[in-house]
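Descriptive analysis of the structure
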Amino acid sequence: MVNIPVSGALAAVSGTVMAAGGLLPAVNNIYYPPAWTSGGNKVSSQISRRQCLAAAALTRGAFSAPSPAFAQSNNSLNVYFGDLHNHANVGYAQGSLRRVYEIAHNHLDFFAFTPHAHWHDIKHFEGNIEDKWINGFHVTRARWPEVLQMAREFDAPGKFATLAGYEWHSTSLGDYHILFPDLDAELYTPSDLKDLQRFAAKRGCIMIPHHPSVREGRRGANFHHRDPKVSPVLEMYSEWGNSESDRAPFPFLRHTEPGRWTKNTLQYALAHGHRFGVIGSTDDHLGYPGGWGEGLAAVLAPELSRKAIMEALFDRRTYAVTGDRIALGFTLNGKLMGRELPYTRERRIRVSVTGWDQVDRVEVLKNNRVIHRDFPMDRETSSASWSKPVLSRFEYGWGPWPALGITRTCDWDFTCRVDNGVLEAVQPCFLPGPLEEERRDQVLDRTERSVRVRSFTALRQQIEDRSQKAMVLKMRGGPDTKLTITLDAPSKRTLSMTFRDLAESSEVLYTGDFPRESTLLNRIVFHEHFETSFEVNDTGNGAQADWYYVRVVQANGQLAWSSPIWVEKA
């Protein structure tokens, strides 16, 4: 969880970084405002990720600088990150139910497990593969009481919120996952969409269309039959890809259905009068909630509870991220994302962003066209830049590819330690693959000086053949502050660099001779390059309703999108 600023002065620091031997170029970094600190409390060994991130300034109450704009209109809402669409072996995916909940509890604020439950217009397919789905539906029905019991066991309001739900398929009407306001959920699976929508309205459920830009009639969204009262948000990003437009990054590649159909993309739907908020979620089938790069939902809520999350979804106080937990604030005339405003000619737009890598650009779009771009990564730095935190991403995993006939899973145990400085926050970037039932990605210990991680990697079951996982470190120090990476597994190795050196160049740490695994400690990113806030003034003539949203693009390719704000016609 984070508190997001949505206003404030934009203060770029000019100049270059002074270092021994000459001037250093401006390079990567990440920053949260100085008041947003973890307090430096030591976390005991074998802690959960929930406890770890509380100390690491990523979870509930960790940041203490509420946004002035949020405080004025919304009593300082917090931002929580979760996964509302995920699968395991209850249904027809992989991974045990308990593993799913343990992983979600370890690194998310909220979670909904959504087993496959029904497909009323399924047909006979080549090789009788329809049996996979049909058998999976029987498994879901038989184990439904176990699903609800697991959600109850892990639910911890204020620390970790669980939601109950399931997935409903339709070839002609599109796929939905249904979320309940309580943990006494019924597995109601009618064959008629209107019947399901009536049930959802009566029970206070939310029905979320997903992978929308698959073509209508092939399980893509059918917006003509969407009921906005029970479907206020759209899952625009998942492991399928990005549905913002048919030319946006992250095209649909992983499934048998072809690429994105223009008429089912977010931008096309907005242009044709549909109004919904946006979220991301993984739709992961390896039993790994919140897998980095597969999509997360961000909600703006006053507290971490199921009730508050559901209210935020209904109210469209949501945004979508691909992987990095980018903090995004966006208001128009003081109103939050998701709002509908009466006509006003003058529109004052405020945007605030804190990334977890260099922010390449922040774009404000009006009616699907960019009207303003901000480029934080182009700002210069100076010796004063050391007065604020910096960030470095430690990536690990490059290993032998399957063509060599080496398919091992590599176990990692490493510690990142800061000397003559403070480790203020961490962000884990854990990929969902490979599927290893007994292994876990875990933060084992966290202090104000160090973090210890146990993890595993392999070039199997990965999106885009990417096996690298990562820990992003937010640190406070100066040019002589030292960052040391100590590997205990897969081999004993140590890498130590000063911030001065790390501002100039990244460094590689090998675990052995080729083709053994390796790691990369990335150059630091200064706050000028990962944090920005600005204002944009716009006008409208009232001839039509206008919609605005914000898109964030980091240098490492990770993105965020706000829910739109609409201004009605005159």
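The following refers to the structure shown. (Residues numbered from 1 in each chain as written. Predicted model: local features only at pLDDT ≥ 70, side-chain atom pairs only at ≥ 80, totals over all residues. Heavy atoms only, no water.)

Moving on, we come to the overall build of the chain. In terms of regular secondary structure, the chain is built from 9 helices and 34 strands. Long-range pairs, those at least 24 residues apart, make up 74% of the contacts in the chain with a sequence separation of at least 6. Working note: accessible area of the chain is about 20400 Å², and carbon and sulfur atoms make up 49% of it. (Helix = DSSP H or I, 4+ residues; strand = E, 2+ residues; numbered from the N terminus. Contact = heavy atoms within 4.5 Å. Areas by Shrake-Rupley, 256 points an atom, 1.4 Å probe, with all protein chains shown as cover.)

What follows concerns the sheet that holds strand β22 (residues 410-419). Ordered in space as β24-β25-β22-β27-β28, the 5 strands form an open sheet in which the pairing is antiparallel. Taken across any chain shown, the strands that pair with only one partner, and hence form the sheet edges, are β24 (442-446) and β28 (493-498). Averaged over neighbouring strand pairs, the angle between their axes works out to 15 degrees when direction is ignored. (Pairing = 2+ DSSP bridges. Axes fitted to C-alpha atoms, helices over the stretch in contact; angles between N-to-C directions.)

Both faces of the sheet carry side chains from a regular strand, because those side chains alternate between them. In this sheet, β28 lies alongside strand β27 (residues 482-489) in antiparallel orientation, the contact comprising 6 bridges. The residue bridging L487 from the neighbouring strand is R493, located in β28. A loop of 3 residues connects β27 with β28, the two strands running antiparallel in sequence.

What follows covers the environment of N541. By the secondary structure assignment, N541 is in the loop between β31 (531-539) and β32 (546-554). Note on N541: relative accessible area 67%, which makes it exposed. Placed 198 residues apart in sequence, N541 and Y343 show a C-alpha to C-alpha distance of 9.1 Å. Polar contacts involving the side chain of N541 include one to the main-chain amide nitrogen of A543, which spans 2.9 Å. (Buried < 20%, exposed > 50% of the residue type's maximum accessible area, 1.4 Å probe, protein only. Polar contact = N/O pair within 3.5 Å; in protein donor to acceptor, adjacent residues only side chain to side chain.)

Moving on, we come to helix α4 (residues 130-154). Its maximal kink placed at R143, α4 deviates by approximately 60 degrees, while the proline P145 follows within four residues. By the burial criterion, the buried members of α4 are E130, W133, G136, F137, T140, W144, V147, L148, M150, A151 and F154. Buried positions along α4 lie against α3 (97-107), β5 (110-113), β6 (116-119) and β7 (161-169). (Bend = angle between axes of the 7 residues up to and from the residue.)

Burial of β32 is extensive: 9 of the 9 residues sit out of reach of the surface. Side chains D546, Y548, V550, V552 and Q554 project from β32 onto one buried face, and the interleaved W547, Y549, R551 and V553 project onto a second face that is buried too. Pairing of strand β19 (residues 359-366) with β32, which is carried by 7 bridges, proceeds in the antiparallel orientation. Paired with L365 across the strands is Y549, a residue of β32. The pairing of β32 with strand β34 (residues 565-567) spans 3 bridges and is antiparallel. Directly across from D546, in β34, lies its bridge partner V567. In this structure, β32 lies alongside strand β33 (residues 559-562), joined through 3 bridges in antiparallel fashion.

Let's shift gears to the side chain of T171. Counting through the fold element by element, T171 comes out in the loop between β7 and β8 (176-179). With residues up to four places along the chain from it excluded, the contact list for T171 reads W119, D121, G217, R218 and R219.

Our focus in this paragraph is the pattern of salt bridges. According to the stated counting rule, one finds 42 salt bridges in the structure shown. Note that D175 and R219 form a salt bridge whose closest N and O atoms lie 2.6 Å from each other. Separated by 44 residues along the polypeptide, D175 in the loop between β7 and β8 and R219 in the loop between β9 (206-209) and β10 (233-238) bring together distant segments of the chain. Taking relative accessible area as the criterion, D175 reaches 2% and is therefore assigned buried. One salt bridge in this structure joins R439 and D411, with 2.7 Å as the shortest N-O distance. Within this pair, whereas R439 is found in the loop between β23 (422-429) and β24, its partner D411 is found in strand β22, the two being separated by 28 residues in sequence. (Salt bridge = Lys/Arg side-chain N within 4 Å of Asp/Glu carboxyl O.)

Another point: the sheet that holds β23. Taken together, the 5 strands give an open sheet; going across it, the order is β23-β26-β21-β30-β29, and neighbouring strands pair in antiparallel fashion. The two strands at the open ends of the sheet, each matched to only one other strand, are β23 and β29 (507-510). With direction set aside, neighbouring strand axes in the sheet form an average angle of 20 degrees.

The next subject is the packing of aromatic side chains. Following the criterion strictly, the structure yields 24 aromatic pairs and no others. Seen in terms of ring centroids, W240 and F252 are 5.9 Å apart; in terms of plane orientation they differ by 55 degrees. Their pairing is tilted. Taken together, the positions of W240 in the loop between β10 and β11 (241-242) and F252 in the loop between β11 and α6 (266-271) put the pair 12 residues apart, joining distant regions of the chain. Side by side, W240 and F252 carry an identical accessibility label, which is buried. Taken together, the aromatic side chains of Y92, W119, F125, W133 and F137 make up a single cluster linked through ring pairs. Across from the ring centre of W133, 5.6 Å away, lies the NZ or CZ of K132, which sits over that ring. The ring of W261 carries R215 above its face, with NZ or CZ at 4.4 Å from the centroid. (Phe/Tyr/Trp six-rings, centres within 6.5 Å; stacked < 30°, edge-to-face > 60°. Lys NZ or Arg CZ within 6 Å of the ring centre and 35° of its normal.)

The complete set of buried residues in helix α5 (residues 193-203) reads L193, L196, Q197, F199, A200 and R203. Buried residues along α5 cover an arc of 160 degrees about the axis, so they all sit on one side. Opposite its buried face, α5 presents the exposed residues R198 and K202, each directed more than 90 degrees away. In this structure, the buried side of α5 is in contact with β7, β8 and β9. Looking one or two places after α5, you find G204, whose phi comes out positive at around 75 degrees. (Arc of directions from axis to C-beta.)

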